[in-house]
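Topology and contacts: notes
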Amino acid sequence: MDALLIFVALVGGAWIHVTRLASDPASPSIAPRVNFAMPAFSLTALDGTTFASDDLRGKIVILNFWATWCPPCRAEMPLLQAISTEHREHDVVVLAIDVGEDRATVEAYAKELGLTLPVLLDDKLGVAASFQVGALPTSFFIDRAGIIRAAYLGAMNRAYIEAQLTQLLERR
């Protein structure tokens, strides 16, 4: 009887293994992944400009998800401002997407730092959810075709950002 149970378990396990559905890497995934298209989104910046993923095609994009209460976000924001200014002529767009805070808080912070890069408000957390942002700061580097080429969790340094931009600028 024990031998029969073991035999049935082995045959059943083998059958499940052989007939399982293989995951298709080309199928859409819940979380955005490197080398896949970025999720579609549309957000409004503090100045009233709307930024939509489809409108960013043809540009190199750094999406940085952050919040004013996040110390690493605060540390990296002046660098993102500098990168935005320095690479503007190369069609590089740096979008600082604030996650979940009210307009007044974000406006005061942007004014305090003298930010001129686009600061977008994801007050309903929909875009952060579509990018599966679980911690702040989180950044995505997106090529001219709208494909995510790198993702980074935590505060970035200049060397990392420049290395990613160099790779993206060399892609044509």
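Below or above, wherever it landed, is the structure these notes cover. (Residues numbered from 1 in each chain as written. Predicted model: local features only at pLDDT ≥ 70, side-chain atom pairs only at ≥ 80, totals over all residues. Heavy atoms only, no water.)

What about the sheet that holds strand S5 (residues 119-122)?
Cut-off, in case you're wondering: Should DSSP find at least two bridges between two strands, the strands are regarded as paired. By the criteria applied, helices consist of DSSP H or I runs no shorter than four residues and strands consist of E runs no shorter than two, each listed in order from the N terminus. To obtain an axis, a line is fitted to C-alpha atoms, over the contacting stretch when the element is a helix, and the angle between two such axes runs from 0 to 180 degrees between their N-to-C directions.
Here we have five strands laid out as an open sheet, ordered S5-S4-S3-S6-S7, and mixed in their pairing. In this open sheet, the two edge strands, each paired with only one partner strand, are S5 and strand S7 (148-153). Neighbour-to-neighbour, the strand axes of the sheet open up by a mean angle of 20°, direction not taken into account. Across four bridges, the pairing between strand S4 (residues 92-99) and S5 is parallel. Note that in S5 the partner of Val99 across the bridge is Asp122.

Some points on the pattern of salt bridges
Side-chain pairs of opposite charge can arise whenever the charged atoms involved come near each other. Formally: Just to be clear on terms, a salt bridge is a Lys or Arg side-chain nitrogen sitting within 4 Å of an Asp or Glu carboxyl oxygen. When a residue's accessible area, from a 1.4 Å probe over protein chains only, is under 20% of the maximum for its type it is buried; when over 50% it is exposed; and in between it is partly exposed.
Under the defined criterion, the tally for this structure stands at seven salt bridges. For the salt bridge of Arg57 with Asp54, the shortest nitrogen-to-oxygen distance reads 3.9 Å. Relative accessible area serves as the criterion here: at 56%, Asp54 is assigned to the exposed category. Where Glu107 meets Arg103, a salt bridge forms, and the shortest distance between an N and an O atom there is 3.4 Å. Within this pair, Glu107 and its partner Arg103 are both found in helix H3 (residues 103-113), separated by four residues, close to a single helical turn. Given the relative accessible area of 35%, Glu107 is considered partly exposed.

A closer look at helix H2 (residues 71-86)
What counts, and what does not: The span you would expect from a helix comes to 1.5 Å times its residue count less one. Fitting axes to the seven residues that end at a residue and to the seven that start at it, the angle between those axes gives the bend at that residue. Note on contacts: a residue pair is in contact if any heavy atoms of the two residues lie within 4.5 Å.
Relative to the 22 Å expected for 16 residues at 1.5 Å per residue, H2 spans 24 Å between its end C-alpha atoms, a close match to the ideal helical length. The sharpest bend along H2 reaches about 35° and sits at Met77, with the proline Pro78 one to four residues further on. Within the sequence span of H2, burial applies to Cys73, Glu76, Met77, Leu79, Leu80, Gln81, Ile83 and Ser84. Contacts from the buried residues of H2 go to strand S3 (60-66), S4, H3, strand S6 (138-142) and helix H5 (158-170).

Section: the state of the cysteines
Put plainly, a disulfide is one covalent bond tying together the sulfur atoms of two cysteines. Quick reminder of the rule: Note on terminology: pairs of cysteine sulfur atoms within 2.5 Å are recorded as disulfides.
Using the criterion set out here, one finds one disulfide in the structure. The disulfide that involves Cys70 links it to Cys73, with 2.4 Å between the sulfurs. Taking the torsion about the S-S bond as the criterion, the Cys70 to Cys73 disulfide, at about 75°, is right-handed. On the accessibility criterion, Cys70 (2% relative accessible area) is buried.

Observations concerning the environment of Ala45
Structurally, Ala45 is set in the loop between strand S1 (42-44) and strand S2 (50-52). Since its relative accessible area comes to 2%, Ala45 is described here as buried. Setting aside anything within four residues of it in sequence, one finds Ala45 in contact with Phe51, Arg103, Val119 and Leu120.

Regarding the packing of aromatic side chains
Centre distance and the angle of the planes are the two values used to describe a pair of aromatic rings. The line we're drawing: Whether two aromatic rings pair depends on their centres lying within 6.5 Å, for rings of Phe, Tyr and Trp, where Trp uses its six-membered ring; planes under 30 degrees apart make the pair stacked, over 60 edge-to-face, and the rest tilted.
This model, assessed by the stated rule, comprises seven aromatic pairs. Relative to Phe131, the ring of Phe41 lies with its centre 6.2 Å away and its plane at 70°, an arrangement referred to as edge-to-face. Taken together, the residues span a long stretch of sequence, with Phe41 in the loop between helix H1 (2-19) and S1 and Phe131 in the loop between helix H4 (126-130) and S6 at a distance of 90 residues. The burial state of Phe41 is the same as that of Phe131; both residues are buried. Judged by centre distance (6.1 Å) and plane angle (90°), the ring pair of Phe65 and Phe140 falls under edge-to-face. Linking Phe65 in strand S3 with Phe140 in strand S6, this pair joins segments that are 75 residues apart in sequence. Taking the relative accessible area as the measure of exposure, Phe65 reaches 0% and is therefore buried. According to the relative accessible area criterion, Phe140 is buried, its value standing at 5%.

Everything listed here is a matter of geometry and, on its own, says nothing about what the molecule does.
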